[in-house]
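Chain by chain, the residues run as shown.
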Amino acid sequence: GESVGLHLPTLSVQEGDNSIINCAYSNSASDYFIWYKQESGKGPQFIIDIRSNMDKRQGQRVTVLLNKTVKHLSLQIAATQPGDSAVYFCAENGDSGGYNKLIFGAGTRLAVHP
Amino acid sequence: GAGVSQSPRYKVAKRGQDVALRCDPISGHVSLFWYQQALGQGPEFLTYFQNEAQLDKSGLPSDRFFAERPEGSVSTLKIQRTQQEDSAVYLCASSLVVGDTEAFFGQGTRLTVV
């Protein structure tokens, strides 16, 4: 079936370093891939998305890379800050008929140390 | 408030009890989703509304789960005869237009069935 998974369950980084969170997906029919951040006790928060016909997209301090050949997605966070500590989910919209029903992976916990 | 509001934040139910979870989406948002998030896992899709129409209920785990959005704004997720396996965080998300990749999530309702 369709699935979105992550390579690393936890990632510890020093404040100021760059972080890279990886994700593998299986559904080639997805139009969009999206990264969400979830802080403890809160709902997921949209970070950035990338359309399937793109390889790279940049936002504020974040970059998403999409490699369709190996079905791999990554989120790069520059100059990681303590406020970046959270669980990060990649998600894809599968082939949900246009209304973007999201299929989430299990998540990677990012811990930023001072 | 300007965000998605869910109530109650926490609900403890005895096994066999019926519960109702409420979601107030952002005003004017057409799309509304319900997701279920087990501890340590990513959210899993339950059901989708476009205005008042429930277009997808493929993720509802059993006929004990029922959702409605009668006037195209507030939505209620009802679980009848709760079981321990229903214990999870129930998340509501809304988006402005159909196909919008940015969904705004509420804080969720944590349901514990004892």
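Figured I'd write up the structure that's included with this text.

What counts, and at which threshold
- Residues numbered from 1 in each chain as written.
- Chains lettered and ligands numbered in written order.
- Predicted model: local features only at pLDDT ≥ 70, side-chain atom pairs only at ≥ 80, totals over all residues.
- Heavy atoms only, no water.
- Phe/Tyr/Trp six-rings, centres within 6.5 Å; stacked < 30°, edge-to-face > 60°.
- Helix = DSSP H or I, 4+ residues; strand = E, 2+ residues; numbered from the N terminus.
- Buried < 20%, exposed > 50% of the residue type's maximum accessible area, 1.4 Å probe, protein only.
- 1 Å grid on protein atoms, 1.4 Å probe; cavity = no way out; pocket = protein on both sides within 12 Å on 5 of 7 lines; lining within 4 Å.
- Points joined across faces, edges and corners; volume = space filled by probe spheres on them.
- Nonpolar A, V, L, I, M, F, W, Y, C, P; charged D, E, K, R; others polar.
- Pairing = 2+ DSSP bridges.

**Describing the packing of aromatic side chains**
Under the criterion given, the structure shown has 13 aromatic pairs over all chains. Note on Y36(A) and F105(B): the rings are 5.5 Å apart at their centroids and 85° apart in plane angle, and the pair reads as edge-to-face. Of this pair, Y36(A) sits in strand 4 (residues 32-38) while F105(B) sits in strand 10 (residues 104-105), each in a different chain. Classification of Y36(A) as buried rests on a relative accessible area of 0%. Centroid distance Y35(B) to F105(B): 5.7 Å. Interplanar angle 45°. Geometry classified as tilted. Of the two residues, Y35(B) is situated in strand 4 (residues 31-37) and F105(B) in strand 10; the sequence distance between them amounts to 70 residues. No difference in accessibility class separates Y35(B) from F105(B), as the two residues are buried. Through a chain of ring-to-ring contacts, the aromatic side chains of Y36(A), F46(A), F89(A), Y99(A), F104(A), F33(B), Y35(B), F45(B), Y48(B) and F105(B) assemble into a single cluster.

**Describing the layout of surface pockets**
Taking a probe equal in size to a water molecule and rolling it over the atoms shows the remaining empty space. Roughly 580 Å³ of volume is contained in the largest pocket. What lines the largest pocket is a set of 27 residues, among which Q38(A), G41(A), Q37(B), L39(B) and R110(B) lie closest to the centre. Of all the secondary structure elements, the ones that give two or more residues to the lining of the largest pocket are strand 9 (86-92) and strand 11 (108-113) of chain A together with strand 9 (88-95) of chain B. By residue class, the composition of the lining of the largest pocket is 11 nonpolar, 11 polar and 5 charged.

**A word on the pairing of strand 11 of chain A**
Two faces make up the sheet, and in a regular strand the side chains alternate between them. All names here are of chain A. The side-chain alternation of strand 11 yields one buried face, formed by T108, L110 and V112, and one unburied face, formed by R109, A111 and H113. Examined bridge by bridge, strand 2 (residues 10-14) and strand 11 share 5 bridges and lie parallel to one another. From the neighbouring strand, L11 faces strand 11, where its bridge partner is L110.

Read these as layout, nothing more, since geometry by itself doesn't imply function.
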